[in-house]
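Working through the structure, step by step
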Amino acid sequence: MKQLRLTLFALAAILAMGVSAQTNQIKGLWSGKLKVSNIELSLVFHLDDENCTLDSPDQGAKGIAAKMEHTATGIKVSVPSINAVYEGVNMGSSIMGTFKQHGRTFPLTLTPGALKRNRPQTPVAPYPYQTKEVSFNNGSVVLKGTLVTPEGFSRKTPVLLMVTGSGLQNRDEEIYEHKPFAVIADALARQGIATLRYDDRGFGESTGSLATITTEDLKKDALAGIDLLRKQFDNVGILGHSEGGTIGFMLAAEQKVDFVVSLAAMIVSGEQTLLDQNRWALQQAGYTQEIIERYCKVLEGVFDELKVGGNPVLNSEGLPTELAQNLQAVKSQSSTPYMRYFLALELSQSLSKIKCPVLALNGTKDRQVDAESNLSLLRKDLSGKKDIRAIEGVNHLFQHCNTGDVSEYKDIEETIAPETLNIIVAWLKKM
């Protein structure tokens, strides 16, 4: 599951230092790359005395309000909404500084202009289909999205609600300037299939508090989108990626949708998924198997206690200092309603209730949601019409890749493997 959330972008604030007398000339577009562990995030500052903003294009976050001050040697940029500050020194052709957020400090050098990556699959207007901005409500939450309809559509045109993975994301499920949901919607519209994709609650143009939500609340957001589509279409399905796929199965078990397209959905428990992710990350970091197992045993104990509402006591004996500190951070960050619910979330007991057609795809190099353990449960427990496949050589985003590690996402030009798009289209057209 994608964990490049705005809370991880909480690892991005803006602290700059500089050594030029011409600090008042620091204006316009400046960009740089923030490295956090093995993750690299691009940041773009629109530096202006009156209207300063920050973009995180890798996460689809744009126009975050900021305040710039000129210092004796450079600039200081504060971003209150993410508790971040950047201070930098003006070196003439660059700004060298540090980015601070939540007590953590990272080096960050800015250079003039925006960072640009090649994303050849991103759709470019004019389109041979219609797009319409729509909104729908789940109680007081207003969700904004884009309805895409093919030429000559009618009530009989199949339509899918598209639900993003975990973390705050816009309607395109944008990450590292990849827009997988826009690519999928474009491919489907060209084949006569309609879609609705929307910004997650509390992100983009959608409203709503995130303080106490769980996956159950996100499921209800999706159901509100389904209800909107039923007013205009007879055959309404759901296409979900990662946590969005899990939500698709939850709604299917409640007989709320007519068909499901699942992309890398989590069927095993949230706890098991996170343990698998941690094992992979520690292996990539070069820790011994003994240390990995010790860490994961402690982590499992933390998760078990959190699931039942407890306050875990950490025993980090025998672990390197950095891993002991990481466990403390995990304990703190996981004590939220969302994480407690997510850790206990497991769909295997609900699969027998699903009667509608299902297409389930996972990548063999997915390091966030293991293909075999999740697909095997679907093969075993799903009844009814099902098409369950492992796509060879693709990662969690369904890109062709080397290792499947999240660090590769930003460097891969392909947004989604063409064979994945072809399978989805072919299945929907013969359903």
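Just so you know, these numbers come straight off a predicted model, no measurement behind them.

**With respect to the overall build of the protein chain**
Tallying secondary structure elements over the protein chain gives nine helices and 17 strands in all. In terms of overall size, the protein chain behaves like a compact globule, its C-alpha atoms giving a radius of gyration of 22 Å where 431 residues would be expected to give roughly 22 Å. Each principal axis of the C-alpha distribution contributes one length, and for the protein chain these read about 70 × 55 × 40 Å. For the protein chain, with 431 residues in total, the buried portion stands at 56%. Long-range pairs, those at least 24 residues apart, make up 67% of the contacts in the protein chain with a sequence separation of at least 6. Distance between charge centroids for the protein chain: 4 Å, based on 45 positive and 48 negative side chains.

**Description of the packing of helix α5 (residues 289–307) against helix α7 (residues 337–344)**
How two helices sit against one another is set out by the angle between their axes and by the gap between those axes. Orientation of α5 relative to α7, taken along the N-to-C sense of each, is 105°, at an axis distance of 9 Å. Regarding the angle of α5 to α7, the classification is roughly perpendicular. For the pair formed by α5 and α7, the contact residues are F303, E305, L306 and K307 on the first element and R340, L343 and A344 on the second. Each residue belonging to the contact of α5 with α7 can be placed in one class, and the counts come to four nonpolar, no polar and three charged.

**Description of the environment of G363**
In this structure, G363 sits in strand β16 (residues 358–363). Under the relative-accessibility criterion, G363 is labelled buried at 0%. The spatial distance from the C-alpha of G363 to the C-alpha of F398 is 6.2 Å, given a sequence separation of 35 residues. Once residues within four sequence positions are removed from consideration, G363 is found in contact with A371, I391, V394, N395 and F398.

**Details of the pattern of salt bridges**
If the charged atoms of two oppositely charged side chains come close together, the side chains can form a pair. Inspection of the entire model under this criterion finds 21 salt bridges. Note that E133 is salt-bridged to R171, the shortest N-O span being 2.7 Å. Placement of E133 in strand β10 (residues 129–138) and of R171 in the loop between β12 (159–163) and α1 (180–189) is noted, with a sequence separation of 38 residues between them. Taking relative accessible area as the criterion, R171 reaches 8% and is therefore assigned buried. Taken together, the shared-partner salt bridges in this structure form one network comprising E133, R171, D199 and E205.

**Side note on the sheet that holds β16**
Neighbouring strands of a sheet are bound in pairs by backbone hydrogen bonds; such pairs are parallel or else antiparallel. Read across the sheet, eight strands follow the order β10-β11-β13-β12-β14-β15-β16-β17 without closing on themselves; strand pairing throughout is mixed. Both outer strands of the open sheet, β10 and β17 (386–391), are each paired with one neighbouring strand and no more. The average undirected angle you get between the axes of adjacent strands in this sheet is 20°. Taken together, the four bridges between strand β14 (residues 236–241) and strand β15 (residues 260–263) define a ladder with parallel strand orientation. Considered in β15, the bridge of I238 is made with V260. Strands in contact with helix α2 (residues 215–230) are β10, β11 (141–150), β12, β13 (194–198) and β14; relative to β10, the strand with the most contacts, it is inclined by about 125°. The strands that helix α9 (residues 418–430) touches are β12, β14, β15, β16 and β17; relative to β16, the one it contacts most, it runs at about 170°.

**Considering the side chain of Q101**
Among the structural elements, Q101 can be located in strand β8 (residues 95–101). Take Q101: its relative accessible area is 1%, and that puts it in the buried class. At 2.4 Å, the side chain of Q101 forms a polar contact with the backbone oxygen of I82.

**Quick word on unusual backbone geometry**
Cis geometry is adopted by the peptide bond preceding P126, which originates at A125 and carries an omega value of 5°. Within the fold, P126 resides in the loop between β9 (104–112) and β10. Of note, the phi angle at H102 is positive, near 50°, even though the residue is not glycine. The residue H102 is located in the loop between β8 and β9 in this model. Of note in this structure, E177 is not a glycine but carries a positive phi near 65°. Along the polypeptide, E177 turns up in the loop between β12 and α1.

**Some details on the packing of α2 against α7**
Packing of α2 against α7 leaves a shortest axis separation of 8 Å and a crossing angle of 90°. Accordingly, the angle class assigned to the pair α2 and α7 is roughly perpendicular. Touching T215, E216 and L218 of α2 are Y338, Y341 and F342, all from α7. Grouping the constituent residues of the contact of α2 with α7 by class yields four nonpolar, one polar and one charged.

The rules behind the values
Residues numbered from 1 in each chain as written. Predicted model: local features only at pLDDT ≥ 70, side-chain atom pairs only at ≥ 80, totals over all residues. Heavy atoms only, no water. Helix = DSSP H or I, 4+ residues; strand = E, 2+ residues; numbered from the N terminus. Rg over C-alpha atoms; globule rule 2.2 N^0.38 Å. Buried < 20%, exposed > 50% of the residue type's maximum accessible area, 1.4 Å probe, protein only. Contact = heavy atoms within 4.5 Å. Lys, Arg positive; Asp, Glu negative; His and termini not counted. Charge placed at Lys NZ, Arg CZ, Asp CG, Glu CD. Axes fitted to C-alpha atoms, helices over the stretch in contact; angles between N-to-C directions. Parallel < 35°, antiparallel > 145°, perpendicular 65-115°, else oblique. Nonpolar A, V, L, I, M, F, W, Y, C, P; charged D, E, K, R; others polar. Salt bridge = Lys/Arg side-chain N within 4 Å of Asp/Glu carboxyl O. Pairing = 2+ DSSP bridges. Polar contact = N/O pair within 3.5 Å; in protein donor to acceptor, adjacent residues only side chain to side chain.

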